[in-house]
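Chain by chain, the residues run as shown.
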Amino acid sequence: MKKKDTGPKYVWNEKKYRVGATRVCLVCNRAYTVERPTQEVCDFECAAIYYHNLKKKSRSAAKEIARQVGRKSIAEVEFDAHLVKEVGREKYIYEPDSFEWIPPTKPRHYTPDYRFKKKTKGYMYVEYKGRLDLDTRKKMESVKAQHPTLDIRLIFKKPNNKIYKGSPTTYYQWALDHGFKVSEDAWMPEAWKKEIKK
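Structure report, in brief. Keep in mind it's a predicted model, so treat the numbers as computed, not measured.

Conventions adopted
Numbering of residues starts from 1 in each chain and follows the order in which that chain's sequence is written. Predicted model: local features are reported for residues with pLDDT of at least 70 only, side-chain atom pairs are reported and counted for 80 or more only, and whole-chain, interface and lining totals are derived from all residues. To get the side-chain values, all heavy atoms of the structure are used, and hydrogens and water are removed first. Working definition: with a 1.4 Å probe on protein chains only, accessible area under 20% of the residue-type maximum means buried, over 50% means exposed, and in between means partly exposed. The way it works is that DSSP assigns letters per residue, a run of H or I at least four long becomes a helix, a run of E at least two long becomes a strand, and they are numbered from the N terminus. Every residue pair with non-hydrogen atoms within 4.5 Å of one another is taken to be in contact. Here a polar contact means two N or O atoms within 3.5 Å. Within protein one must be a hydrogen donor candidate and the other an acceptor candidate, and residues neighboring in sequence count only if both atoms are side-chain atoms. Every case where a carboxyl oxygen of Asp or Glu lies within 4 Å of a side-chain nitrogen of Lys or Arg is listed as a salt bridge. How far a helix is expected to stretch is found by multiplying one less than its residue total by 1.5 Å. What makes two strands pair is DSSP finding at least two bridges between them. Only the stretch in contact is used when a helix axis is fitted, and all axes are lines through C-alpha atoms; the angle between N-to-C directions ranges over 0 to 180 degrees. Roughly parallel refers to an angle under 35 degrees, roughly antiparallel to one over 145, roughly perpendicular to one between 65 and 115, and oblique to any angle outside these ranges. Crossing handedness follows the turn of the near helix against the far one: under a right angle anticlockwise gives a left-handed crossing, and clockwise gives a right-handed one. Residues are sorted three ways: Asp, Glu, Lys and Arg are charged, Ala, Val, Leu, Ile, Met, Phe, Trp, Tyr, Cys and Pro are nonpolar, and all the rest, Gly among them, are polar.

**Some points on helix H1 (residues 44–52)**
For step 1, the next point in the chain: Taken as a whole, H1 has its buried residues at Phe 44, Cys 46, Ala 47, Ala 48, Tyr 50 and Tyr 51.
For step 2, the next point in the chain: Elements that come into contact with the buried residues of H1 comprise helix H2 (59–68), helix H3 (74–86) and strand E3 (92–94).
For step 3, the next point in the chain: Capping the start of H1, Asp 43 holds a side-chain oxygen 3.3 Å from the backbone nitrogen of Glu 45, two or three residues further along.

**Describing the pattern of salt bridges**
For step 1, the next point in the chain: Evaluation of the coordinates by the stated rule reveals 14 salt bridges.
For step 2, the next point in the chain: A salt bridge links Glu 190 to Lys 193, with the shortest nitrogen-to-oxygen separation between them at 2.9 Å. Taken together, the residues Glu 190 and Lys 193, both in helix H6 (residues 190–195) and three residues apart, mark about one turn of the helix.
For step 3, the next point in the chain: Via salt bridges that share partners, Lys 118, Asp 151, Arg 153 and Glu 195 belong to a single interconnected network.

**Side note on unusual backbone geometry**
For step 1, the next point in the chain: Unlike most non-glycine residues, Asn 29 shows phi in positive territory, near 60 degrees.
For step 2, the next point in the chain: Structurally, Asn 29 is set in the loop between strand E1 (22–24) and strand E2 (31–33).
For step 3, the next point in the chain: Backbone geometry places Glu 95, a non-glycine residue, at a positive phi of 45 degrees.
For step 4, the next point in the chain: Its location among the elements puts Glu 95 in the loop between E3 and strand E4 (99–101).

**A closer look at helix H4 (residues 134–146)**
For step 1, the next point in the chain: Between the first and last C-alpha of H4 there are 18 Å, a value that for 13 residues agrees with the 18 Å anticipated at 1.5 Å per step.
For step 2, the next point in the chain: Buried within H4 we find Thr 136, Arg 137, Met 140, Ser 142 and Val 143.
For step 3, the next point in the chain: Buried residues along H4 sit in contact with E4, strand E5 (108–110), strand E7 (123–129), strand E8 (152–156) and helix H5 (171–177).

**Considerations on the environment of Ala 21**
For step 1, the next point in the chain: Structurally, the position occupied by Ala 21 is in the segment before E1.
For step 2, the next point in the chain: Spatially, the C-alpha atom of Ala 21 lies 9.7 Å from that of Pro 37, the residues being 16 residues apart in sequence.
For step 3, the next point in the chain: Ignoring anything within four residues of it in the chain, the contact list for Ala 21 reads Tyr 32, Thr 33 and Val 34.

**Observations regarding the sheet that holds E7**
For step 1, the next point in the chain: The mixed open sheet is built from five strands, whose spatial order is E3-E6-E7-E8-E9. If you trace the sheet from one side to the other, it starts and ends with E3 and strand E9 (181–182), each paired once.
For step 2, the next point in the chain: Two elements, E3 and strand E6 (residues 114–117), share three bridges in a ladder whose sense is antiparallel. For Tyr 92, the partnering residue across the bridge sits in E6 and is Phe 116.

**Here's the deal with the packing of H1 against H3**
For step 1, the next point in the chain: Between H1 and H3, whose axes approach to 8 Å, the crossing angle comes to 140 degrees. Compared by their axis directions, H1 and H3 come out oblique. Handedness of the crossing formed by H1 with H3: left-handed. Contacts from Phe 44, Glu 45, Ala 47, Ala 48, Tyr 51 and His 52 in H1 reach Ile 74, Val 77, Glu 78, Asp 80, Ala 81, Val 84 and Lys 85 in H3.
For step 2, the next point in the chain: Its residues assigned to classes, the contact of H1 with H3 shows eight nonpolar, one polar and four charged.

Take a look at the structure:
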């Protein structure tokens, strides 16, 4: 019996397109202006759809598709698509600021994923995480301790995942235990949206 074809296979894009040229999106067939030389999709939503329709998903394909729209992971692409619908593209900036933090060995810089201007004074920084491994937990604890005045909030793709196999602690519970504001699901809470300056 022949195997059923379930979707397109990702083919690494060897072509380089001229930045500023007009192309047609592979997913929605809309015209768009090329912002990155290997870009084949017009926006975050189309990048997420393109990845999820692939027959064979791989980390390299995920990274390449995310890179086409200027993100590091498919999780960030999906969250961006959500933000564009829910709060509007002009209301946030992706990775605009970087903060020094000093781990036990040498100084590093932490760059939160999203920055929103709040109605009240200051900014809300939102970190969107697919995984919360030990290194990430240590980094977030250090940043929180060294920059206590920053309003850093966490959103996890799967907040009920355990921090390690066999642990009773979920990502969500870990964030609460360490003093972070955290979303109960994979999207931005309505209460947070109300804090964003119009």
